[in-house]
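Notes for the structure review
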Amino acid sequence: MKQPVRVTVTGAAGQIGYALLFRIASGAMLGDDQPVILKLLDITPALEALEGVRMELEDCAFPLLAGVECTDDPNTGFKDTDYALLVGARPRGPGMERKDLLEANAAIFSVQGKAINDHASRNIKVLVVGNPANTNALITQRNAPDIDPRNFTAMTRLDHNRAMTQIAIKTGTTVNDVTNMTIWGNHSATQYPDLFNAKVNGQAAIDLVDQAWFEEDFIPTVQQRGAAIIKARGASSAASAANAAIGHMRSWALGTEGDDWVSMGVYSDGSYGIAEGLIYSFPCRCCNGDWVIVQDADINDFSRAKMQATEQELIEERDAVAHLLG
Ligand SMILES: NC(=O)c1ccc[n+]([C@@H]2O[C@H](COP(=O)([O-])OP(=O)(O)OC[C@H]3O[C@@H](n4cnc5c(N)ncnc54)[C@H](O)[C@@H]3O)[C@@H](O)[C@H]2O)c1
Ligand SMILES: O=C(O)C[C@H](O)C(=O)O
């Protein structure tokens, strides 16, 4: 049996937390031979609810669960941690854009970035889920200057999964037939889900649909899916968000399959002309616990314009939180 690793989940008493923790403890995220110690961080008023979550985790008798720690102190919550899922933040309500949460949530991530810098494993892998996820990931990264910026990522896997299902439904196939999906840019209404590089049974997805459906149906459906769920459920997505977080971390830790790739919000090195240092979603392959940006995706004028529009939004979000960037 491997030595246990420490996994910190923030906002652990919230709705995504409830859909996430039991799957991490079951081995779905890091494999069924990897014991985990769960470190659950939430704010003081949520500690009683968090205690209930701990009791339920204990009551599952998961063979891989080597311990559960609950805290409201970020310094304790991130001590020696190997993986962190930063979920704790306010969700948006009807009629809001995710960037409307910037003011409410940004301060959380500067505090947590500092705590990660001071206390976590130097090899920590961080996934930011709390919205606006890309810019919160940037704030976290910039407040942790002693840790490699490549260790900070933002979640666009939910958008990626949404896009895979939409093209599968349209083409009468299943997600098992869909590969090489890419979400470019921000986890927001400017994200660009790309069908020029995606494949269905090895064929270019764009050749299987008409351009009008792609532009007027597919792209807005994926961009607006979070809002559609808020409208229908009266609360933002939780189970599908938790599932995407598990998928993101699993791909990063255990690798992507064959020639396929996944979408991850990662530190831009200037690939595809995207401003260096933004946390931007690119097609990524993972191997040996590391990710690389796929370099040979085809970019036409249509894609280029969409990629730049979402880059521009990320630049504006970055500039709006300049005071928190360390
Ligand atoms: N990136 C994505 O694809 C994606 C998908 C779904 C939701 N989200 C976002 O995830 C976040 C959480 O959503 P939810 O539905 O679980 O919300 P929720 O309100 O149910 O839970 C949030 C939890 O975070 C806690 N929290 C608040 N401030 C904290 C802090 N400083 N430290 C630790 N914990 C803190 C709250 O007490 C609460 O328990 C929201 O910002 C939401 O918009 C992102
Ligand atoms: O849309 C939201 O605010 C929640 C989440 O980011 C989602 O995409 O479902």
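Residues numbered from 1 in each chain as written. Chains lettered and ligands numbered in written order. Predicted model: local features only at pLDDT ≥ 70, side-chain atom pairs only at ≥ 80, totals over all residues. Heavy atoms only, no water.

Remarks on the site of ligand 2
Taken together, R92, R98, N131, L158, R162, H187, G226, I230, S236 and S237 form the complete shell of residues around ligand 2. Contacts to ligand 2 include R98, whose side-chain N or O atom sits 2.8 Å from an oxygen atom. In isolation ligand 2 exposes 260 Å². Once the protein is present, 94% of that is buried. Contributing elements (two or more residues each) for the shell around ligand 2: α6 (157–170) and α8 (225–233). Looking at the shell around ligand 2, its residues break down into two nonpolar, five polar and three charged. A domain-level breakdown of the shell around ligand 2 finds at least three residues from each of domain 1 (5–154) and domain 2 (156–321). (Near = heavy atom within 4 Å. Polar contact = N/O pair within 3.5 Å; in protein donor to acceptor, adjacent residues only side chain to side chain. Areas by Shrake-Rupley, 256 points an atom, 1.4 Å probe, with all protein chains shown as cover. Helix = DSSP H or I, 4+ residues; strand = E, 2+ residues; numbered from the N terminus. Nonpolar A, V, L, I, M, F, W, Y, C, P; charged D, E, K, R; others polar. Domains from an automatic or database assignment.)

Some points on the sheet that holds strand β7 (residues 178–179)
The antiparallel open sheet is built from three strands, whose spatial order is β7-β10-β11. Whereas interior strands pair on both sides, the edge strands pair on one side only; in this sheet they are β7 and β11 (203–204). As paired strands, strand β10 (residues 199–200) and β11 are joined by two bridges and run antiparallel to one another. By the bridge assignment, K199 is partnered in β11 with A204. (Pairing = 2+ DSSP bridges.)

Focus: the environment of R285
Here R285 lies in strand β13 (residues 279–287). In contact with R285, not counting residues within four places along its chain, are T256, G258, D259, D260, W261, D290, W291, V292 and V294. (Contact = heavy atoms within 4.5 Å.)

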